[in-house]
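Single-letter residue listing:
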Amino acid sequence: MEGESCSGGWEGTEAVADPVAMAADRELYALLRREKFDGWRTERLREELWLYGWRSLRRWMQDGTIVQRCREMMAIPENGRGRFSPHLVGP
């Protein structure tokens, strides 16, 4: 799906799906599924994804990205006073 956006709608964070990487991901998924998501491959992937997520969150906390994105999602102005966006508030 060349040219497909993977940004989740965040301006300035556009990514383009790489067909080769996507094919490799599908192959890995098929392998893990055959192994019923049990074994060393699944454990290694779990560890790699956890580390990737932790490093991303740390970077976002350090540079303020996570605070800015939360403000955008919850419609909180810079002064910190605001209301939650309707789509984030449950019934």
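Just so we're clear, the structure is a prediction, and the values are computed from it rather than from any experiment.

### Considerations on the overall build of the chain
Within the chain, the regular secondary structure consists of three helices and zero strands. Burial analysis of the chain (91 residues in total) assigns 8% to the buried set. Within the chain, residue pairs in contact and separated by at least 24 positions form 10% of the contacts whose partners lie at least 6 positions apart. Accessible area of the chain: about 8,000 Å², with a carbon and sulfur share of 58%.

### Concerning the confidence of the model for the chain
In the predicted model, the chain carries a mean pLDDT of 78, and 66% of its residues have values of at least 70. In this model, residues 1–11 is a region of pLDDT below 50 whose contacts with residues beyond four sequence positions or in other chains number 17 contacts.

### Looking at the pattern of salt bridges
Under the counting rule described, the total for this entry stands at three salt bridges. Its salt-bridge partner being Arg41, residue Glu35 comes within 2.3 Å of it at the nearest N-O pair. Across the pair Glu48 and Arg44 runs a salt bridge, and its minimum N-O distance is 2.9 Å. Of this pair, Glu48 and Arg44 both sit in helix H2 (residues 40–63), four residues apart, which is roughly one turn of the helix. Taking relative accessible area as the criterion, Glu48 reaches 43% and is therefore assigned partly exposed.

### Looking at the packing of helix H1 (residues 19–34) against H2
Packing of H1 against H2 leaves a shortest axis separation of 9 Å and a crossing angle of 130°. Judged on the interaxial angle alone, H2 and H1 are oblique. Contacts between H1 and H2 involve Leu28, Leu31 and Leu32 from the former and Arg41, Thr42 and Leu45 from the latter.

What counts as what
- Residues numbered from 1 in each chain as written.
- Predicted model: local features only at pLDDT ≥ 70, side-chain atom pairs only at ≥ 80, totals over all residues.
- Heavy atoms only, no water.
- Helix = DSSP H or I, 4+ residues; strand = E, 2+ residues; numbered from the N terminus.
- Buried < 20%, exposed > 50% of the residue type's maximum accessible area, 1.4 Å probe, protein only.
- Contact = heavy atoms within 4.5 Å.
- Areas by Shrake-Rupley, 256 points an atom, 1.4 Å probe, with all protein chains shown as cover.
- pLDDT = per-residue confidence, 0-100.
- Salt bridge = Lys/Arg side-chain N within 4 Å of Asp/Glu carboxyl O.
- Axes fitted to C-alpha atoms, helices over the stretch in contact; angles between N-to-C directions.
- Parallel < 35°, antiparallel > 145°, perpendicular 65-115°, else oblique.

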